[in-house]
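Report on the structure
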Amino acid sequence: VQLVESGGGLVQPGGSLRLSCAASRFTFSTQVMSWVRQAPGKGLEWVSGISGSGGSTYYADSVRGRFTVSRDNSKNTLYLQMNSLRAEDTAIYYCAKAEAGSSGYYLDYWGQGTLVTVSS
Amino acid sequence: QSVLTQPPSVSAAPGQKVTISCSGSSSNIGNNYVSWYQQLPGSAPKLLIYDNNKRPSGIPDRFSGSKSGTSATLGITGLQTGDEADYYCGTWDSSLSAGVFGGGTKLTVL
């Protein structure tokens, strides 16, 4: 399994950014995927998740209404569109492959992350 | 404020055993499996334990997990200096319809 994030960078407060995660070496279209972020010196924060088909999406309260997760299964790519960015969104954003069942949810493979900095 | 509660830090000597606790509620740990992640300095997190007590291929049996009610525990035996890392518990929260993590525990091997 390989996950490679891209699209991070410096953006002004109120701005937008789109992150991408290129997936390979597994059947992307059947797998739940997630985004997790980590602010500098802080712990992990789950951000969003999406089903294999893209028909179901989930968000943390802190980003709901501002962030949109999507996927292009023909390109094996996961996206995170981030709008109305705030300073507190500054973090390393990780893409992760998830295993999700009736009672279980865990992230078994992670990318190396991409840094998003929101600052004027 | 994390949904799951972990101690900020634990420490033990090389060769010893340490446990890290993770406390939640009926909407998360109480009704869902727990996973644990290790994050070495400067690296991405890595899955250590899933479904409360299962180890992915390649994870040594020095690492173990357990769950009781709304709490879970990660155990590490035969501590090595290379085990110094941040450890996070995680699960799904059925009320939030979201993934949740603990605040993380920094392990120091003295």
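Each residue is numbered by its place in its chain's sequence as written, counting from 1. Think of it this way: whatever chain is written first is A, whatever ligand is written first is 1, and the rest follow in order. pLDDT decides what is reported in this predicted model: residues at 70 or higher carry local features, side-chain atom pairs at 80 or more are listed and counted, and totals for whole chains, interfaces and linings draw on all residues regardless. With hydrogens and water excluded, all non-hydrogen atoms of the structure serve as input to the side-chain values.

What to know about empty space enclosed by the protein
- The distinction between a cavity and a pocket rests on a 1 Å grid over the protein atoms alone: a 1.4 Å probe fits inside a cavity but cannot get out, while a pocket stays open yet meets protein on both sides within 12 Å along at least five of seven lines, and a residue with an atom within 4 Å of a point counts as lining. Grid points are joined across faces, edges and corners, and a volume is the space filled by probe spheres set on the points. Tallied over the full model, the rule gives 1 cavity of 30 Å³ or more.
- Considering only enclosed or pocket space, the largest cavity measures out at about 40 Å³ in volume.
- Along its surface, the largest cavity is lined by A:Trp46, A:Tyr105, A:Leu107, B:Ser35, B:Tyr37, B:Gly90, B:Thr91, B:Gly99, B:Val100 and B:Phe101.
- Of all elements in the fold, only strand S10 (105-110) of chain A together with strand S3 (35-39), strand S7 (85-93) and strand S8 (98-101) of chain B reach the threshold of two or more residues within the lining of the largest cavity. A run of H or I in DSSP counts as a helix once it spans at least four residues, and a run of E counts as a strand once it spans at least two, with each numbered from the N terminus.

With respect to the sheet that holds strand S3 (residues 17-24) of chain A
Residues and elements named next belong to chain A.
- Here a strand pair is declared whenever DSSP counts at least two bridges between the two strands. Reading across the sheet, the 4 strands line up as S1-S3-S8-S7 and stay open at both edges, with antiparallel pairing between neighbours. Because the sheet does not close on itself, it has two edges, and the strands there are strand S1 (2-6) and strand S7 (67-72). Along the sheet, successive strands turn relative to each other by an average axial angle of 15°, direction set aside. Geometry is summarised by axes, namely lines fitted to C-alpha atoms with helices restricted to the contacting stretch, and by angles between N-to-C directions that run from 0 to 180 degrees.

Examining the sheet that holds strand S6 (residues 71-76) of chain B
Residue and element names in this part refer to chain B.
- The 3 strands lie next to each other as S2-S6-S5, forming an open sheet whose pairing is antiparallel. Each having just a single partner strand, strand S2 (18-23) and strand S5 (63-68) make up the two edges of the open sheet. Between one strand and the next, the sheet's axes are offset by a mean angle of 20°, whatever the strand orientation.
- Pairing analysis gives 6 bridges linking S5 to S6, with the strands arranged antiparallel. Bridged to serine 66 within S6 is threonine 73.

With respect to the interface of chain B and chain A
- On the chain A side, the residues contacting the 22 residues of chain B number 21 residues.
- Simply put, the buried area is the total loss of 1.4 Å probe accessible area from both parts when two parts are fitted together. For chain B, the biggest contributors to the area lost against chain A are B:Pro45, B:Trp92 and B:Phe101; these three give 30% of the whole.
- Polar contact is the term for a pair of N or O atoms within 3.5 Å; when the atoms are in protein, one must be able to donate a hydrogen and the other to accept it, and sequence-neighboring residues count only if both atoms are side-chain atoms. At the surface where chain B touches chain A, the tally comes to 4 residue pairs in polar contact (both at pLDDT 80 or more).
- Only S3, S7 and S8 of chain B provide two or more residues apiece to the side of chain B that touches chain A.
- The leading source of residues in the side of chain B that touches chain A is S8(B), at 4 residues.
- For the side of chain B that touches chain A, the class distribution of residues is 12 nonpolar, 9 polar and 1 charged. Here, residues are in contact when the closest pair of their heavy atoms is within 4.5 Å. For this classification, the nonpolar set comprises Ala, Val, Leu, Ile, Met, Phe, Trp, Tyr, Cys and Pro, the charged set comprises Asp, Glu, Lys and Arg, and every other residue, Gly included, is treated as polar.

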